[in-house]
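# Observations on the three-dimensional arrangement
Spelled out, the chains give:
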Amino acid sequence: MLTRAFLVLTAGAIAAIAAPAHATTPFMASVSDTNCNGKTTCTLAFPAVVSGKKLTIQHLSCSIVTKGETGSVSSFVLSTAGSGTGTPGDVFPGAPLVEGSNIDTSTAGSTLFYVSASDQPVVAITSGAAILGAAGNGCFISGTTTP
């Protein structure tokens, strides 16, 4: 009987711990390439973080196709729209794969990148060849938001 009472008490204590006042909420977003076609540099912008929230990005993955068999994407740089041009961010190197007459460069990795309320996460793309604006191109981020 003592064991059963302990389990009931423990379950009640866990329920109280599981719902703190500042709970995190899972976050996922993707953005398709709609503005990079024919360019060698461009920026993909995600929706702005909701006012009163803070976004912690924990994962980024991207896939961009460039024209020809040379000149793949050299880097994907995660930063914020509010940080301004030239501000360093998290750099993700590209891994190129020749597909027919084009190169599909992808990247995926873990990070702890913070974005303030009302700011916008962005990924700056630098390539050695023209980017092909195709339906499969784009980036995905996931993480959590907190109040």
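Our subject is the structure listed above.
All values reported here derive from a predicted model rather than from experimental measurement.

### Quick look at the sheet that holds strand β3 (residues 54-67)
Here five strands make up an open sheet; going across it, the order is β1-β9-β3-β7-β6 and the pairing antiparallel. Edge positions in the sheet fall to β1 (25-32) and β6 (95-99), since each has one partner strand and no second. Averaged over all pairs of adjacent strands, the angle between their axes in this sheet comes to 15°, without regard to strand direction. With five bridges joining them, β6 and strand β7 (residues 102-115) adopt antiparallel strand pairing. The residue bridging A95 from the neighbouring strand is S106, located in β7.

### Some remarks on the state of the cysteines
Working definition: the covalent bond between the sulfur atoms of two cysteines is a disulfide. Overall, the coordinates contain two disulfides when judged by the stated rule. The residue that forms a disulfide with C36 is C42, at a sulfur-sulfur distance of 1.8 Å. Taking the torsion about the sulfur-sulfur bond, which here is approximately 80°, the covalent link between C36 and C42 counts as right-handed. You can call C36 buried: its relative accessible area is 0%. Bridging C62 to C139, the disulfide has an S-S length of 2.0 Å. The chirality of the disulfide connecting C62 with C139 is right-handed, given an S-S dihedral of about 115°.

What counts and how
- Residues numbered from 1 in each chain as written.
- Predicted model: local features only at pLDDT ≥ 70, side-chain atom pairs only at ≥ 80, totals over all residues.
- Heavy atoms only, no water.
- Pairing = 2+ DSSP bridges.
- Helix = DSSP H or I, 4+ residues; strand = E, 2+ residues; numbered from the N terminus.
- Axes fitted to C-alpha atoms, helices over the stretch in contact; angles between N-to-C directions.
- Disulfide = S-S within 2.5 Å.
- Buried < 20%, exposed > 50% of the residue type's maximum accessible area, 1.4 Å probe, protein only.

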